[in-house]
Amino acid sequence: MEQPTDLRALVDALREATDRLTDFQALPSPWLPPMDGRMRLDELPPIPEPEPGALPMVPYALLDFPHLQARRLAAIDFATFGHLYVIGAPRSGRTQVLRTIAGAAALTIPCSDLHIYGIDAAGGALGVLEALPHCGAIVSRHDAERLERLISRLAGELTIRQRLIAQHDCADVTELRDKLPKDRRPAHVVLMVDGWDALSNMLDDYDGGRLYAEFVRMLREGQGAGIHVIATSERLLLGGRLAAHNDRRLLLRQTDPSDYTLIGMPRNSVPSHVPPGRGWLAPGAIEAQIALLPSIAESSTATAMGAVEEEDTFAGDQSDQAEAMRDLGRRATIRDSNVPDVRRPFRINEMPTVIGFQEAHALVPQPLRKPFWALLGVGGDAVEPLGYDFESGGGSFMVAGPPRSGRTTTLAAMAVSLLMSGTHLIVITPRDSQLRKLAAHGLAHVFAEPDPAPEALVEALAAVQGKPAVVVVDDADLMLACAADTVLRQIATSGRDHGRGLLLSGLAESMSSLGWVGMARRSRRGLLLGPKSLGEGDLIGVRLSAEQVRTSLSPGRGWTAGDAGTAIAVQVPLTVLGG
């Protein structure tokens, strides 16, 4: 509300006097009318036609130039765009800036040329971007495992692009896109971060600051490789370590008016009322009004209700803007229906907390449903089936973890998938275990005694001579000095050459490097459930971070080794034998 002044009283009196004149005609205003806080994307000036082979510009705001008595379009040209920091107080329209840019980009650029990822460290309003075909993932800061996958994957993508640019003797991704055929051009990648203030400390503490360093590298080197960061902040991005890597900022309403001086605005030039979505672009301190996403509901509401306060329009009715984003997503999905999968954004899917065996096994591709291949669970960036092939792997697989972490359930899932593919099982259970219920299956031979005689084990192996078979040992830490040590040692060392595999489980700290268990450890393949120390990563051949050890895992969640020796999170399917 504007405060009453003598000047305002004089203006009101003059207006009242002129209204009484019958022959009065208003003169044209020497300045433009105030910018509309309800402006929509489709009300912005048209974008210019792009150069041949170039991407169209992405409109998102209207710029005001009072000294020129002109207003111009604010648009992102990815050929020259670097990064953008959006800084403002709560309810100043920060998240809406991200939504508007993402929605406008989806309208103008196909998902083959633009990929969007997001980190939601604010109130969760960024999740609606997943309705766009351009969006590969919106990750919450509370999902540390998924957040690490996203940042690590983007950092790896940056390295791949830098090598590709060097191989083709190009200066940046724009030159590279001009040189490559259309179906091989790398897409521009936009990482949107909502709430850097909350995310910053978490990244700085995670794994000794590794994720923070990778994020800074994307800011420092990403522009040339076509990777752009648009981050919102309440105040932290005004200065600090990240301020040196980007000078393009949009300042919305600030809690402290003196903050505007950091972009060259005198304090006496700051208006007393700054509506949501109104800000100033730096460098230049150019006033801008962020546009809202086009919405049929918004238009009809404005017609029926007349004037609505700007606070209610821009920052209050976010549900309508969310529905507008979903509508844009449906339209973009239809338009991009013919885009091949290889040109779409890679997915960083959320790991399920619980998944049933049948649901997980239904995802297994037909070529993997073969003898010796065991389903471990679902995991990886795409949360796809992961398993172990006893024939092509090291021949031995170890499941290690504390009590009630899901060791036996893991063995049950792997055992059932092996049986379904026609693999014979010889199961040793030194204590009561649900694996003893496998005896009801014709392809399984179960030893229920605590320490089977070596002759009995040899006899069981001879009965499946020439057939694929895997020996399963639950609670292997109880059989470190068992009578059948020599037989099990032979299976661990050379069983793969004779159509034999070894699957065992036990306490991580009890998995000795001696005897048959020590031989099984040499394959360096397995699953860690609830690791308690960094050294446990040696059991499966991976380097664990401190965060991966500190993070409390739910039963059935563990870590296995990827092709490059990195730790991959796995969710073991819930498997109840005889249920």
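Above this text sits the structure in question.
Per chain, residues are indexed from 1 in the order of the written sequence. The predicted origin of the model limits local features to residues at a pLDDT of at least 70 and limits the giving and counting of side-chain atom pairs to 80 or more, whereas totals for whole chains, interfaces and linings rest on all residues. Each side-chain value is derived from all of the structure's non-hydrogen atoms; neither hydrogens nor water enter the calculation.

S.K.: If you had to explain the overall build of the protein to someone new, which residues and values would you point to?
M.R.: Secondary structure elements are taken from DSSP: a helix is a run of H or I of four residues or more, a strand is a run of E of two residues or more, and numbering for both begins at the N terminus. Helix and strand counts for the protein stand at 15 helices and 20 strands. For this measure, only C-alpha atoms enter the radius of gyration; the expected value for a globule follows 2.2 Å times N^0.38, where N is the number of residues. Against the compact-globule benchmark of 25 Å for 579 residues, the protein has a radius of gyration of 31 Å, which places it well outside the compact range. The C-alpha extent of the protein, read off along each of the three principal axes, is 115 × 50 × 45 Å. When accessible area is computed with a 1.4 Å probe and restricted to protein chains, residues below 20% of their type maximum are described as buried, those above 50% as exposed, and intermediate ones as partly exposed. Taking all 579 residues of the protein together, 52% fall into the buried category. Taking contacts inside the protein between residues at least 6 apart in sequence as the whole, the part at least 24 apart equals 69%. For the protein, the accessible area works out to roughly 26,600 Å², and carbon and sulfur atoms hold 53% of it. Should any heavy atoms of two residues lie within 4.5 Å, those residues are counted as being in contact. Note on areas: Shrake-Rupley, 1.4 Å probe, and residue coverage restricted to the protein chains presented here.

S.K.: Describe in detail the side chain of Asp64, supporting the description with residues and values.
M.R.: Position of Asp64 relative to the elements: it lies in strand E1 (residues 58-65). Judged by relative accessible area, Asp64 falls into the buried class, the value being 13%. Under this definition, polar contacts are N or O atom pairs within 3.5 Å; protein pairs additionally need one hydrogen-donor-capable and one acceptor-capable atom, and for neighbouring residues in sequence, both atoms have to be side-chain atoms. A distance of 3.3 Å separates the side chain of Asp64 from the side chain of Arg71, its partner in a polar contact. Not counting residues within four places of it along the chain, the set of residues in contact with Asp64 comprises Met35, Ala70, Arg71, Ile286 and Glu287.

S.K.: Give me the lowdown on the pairing of strand E3 (residues 84-87), citing residues and values where you can.
M.R.: Of the two faces of E3, the one carrying Leu84 and Val86 and the one carrying Tyr85 and Ile87 are both buried. Pairing between strands requires that DSSP locate at least two bridges from one strand to the other. Bridge count between E3 and strand E7 (residues 227-233): four bridges; the pairing is parallel. Along E7, the bridge assignment pairs Leu84 with Ile230. In terms of strand pairing, E3 meets strand E8 (residues 249-251) through three bridges, oriented parallel. Residue pairing for E8: Tyr85 is matched across the bridge by Arg249.

S.K.: Any chance you could break down unusual backbone geometry for me, citing the residues and the numbers?
M.R.: For the bond from Ala282 to Pro283, the omega torsion is 5 degrees, close enough to zero to count as cis. Structurally, the position occupied by Pro283 is in the loop between strand E9 (278-282) and strand E10 (286-290). Of note in this structure, Asp169 is not a glycine but carries a positive phi near 55 degrees. Within the fold, Asp169 resides in the loop between helix H3 (144-167) and helix H4 (173-179). You can call Asp169 exposed: its relative accessible area is 67%. Positive phi outside glycine occurs at Arg524, with the angle close to 55 degrees. Structurally, Arg524 can be placed in the loop between helix H14 (515-521) and strand E18 (526-529). Residue classification places Arg524 among the partly exposed residues on the basis of a relative accessible area of 37%.

S.K.: An account of the packing of helix H12 (residues 454-463) against helix H13 (residues 485-494) is requested, with residue identities and associated values reported.
M.R.: Viewed as axis vectors pointing N to C, H12 and H13 meet at an angle of 40 degrees, and their least axial separation amounts to 8 Å. Overall, the two elements H12 and H13 adopt an arrangement that is oblique. Of H13, the residues touching H12 (which contributes Pro454, Leu457, Val458 and Leu461) are Val487, Leu488 and Ile491. When residues are grouped by polarity, Ala, Val, Leu, Ile, Met, Phe, Trp, Tyr, Cys and Pro land in nonpolar, Asp, Glu, Lys and Arg in charged, and all others, Gly among them, in polar. In terms of residue class, the contact of H12 with H13 is made up of seven nonpolar, no polar and no charged. Under this scheme, a helix contributes an axis fitted over its contacting stretch, all axes are lines through C-alpha atoms, and angles between N-to-C directions fall in the 0 to 180 degree range. Relative orientations are named as follows: roughly parallel for angles under 35 degrees, roughly antiparallel for angles over 145 degrees, roughly perpendicular for angles from 65 to 115 degrees, and oblique for any other angle.

S.K.: Any chance you could break down the sheet that holds E1 for me, citing the residues and the numbers?
M.R.: What the ten strands build is an open sheet, ordered E2-E1-E10-E9-E8-E3-E7-E6-E4-E5; its pairing is mixed. The open sheet has two free edges, formed respectively by strand E2 (70-76) and strand E5 (135-140), since each of these has just one partner strand. Averaged over all adjacent pairs, the angle separating strand axes in this sheet is 25 degrees, with direction ignored. Here seven bridges tie E1 to E2, and the two strands are oriented antiparallel to one another. Directly across from Asp64, in E2, lies its bridge partner Arg71. Against the sheet, helix H2 (residues 94-108) makes contact with E1, E2, E3, strand E4 (114-120), strand E6 (188-194), E7, E8 and E10, and its axis sits at roughly 120 degrees relative to E1, the strand it touches most.

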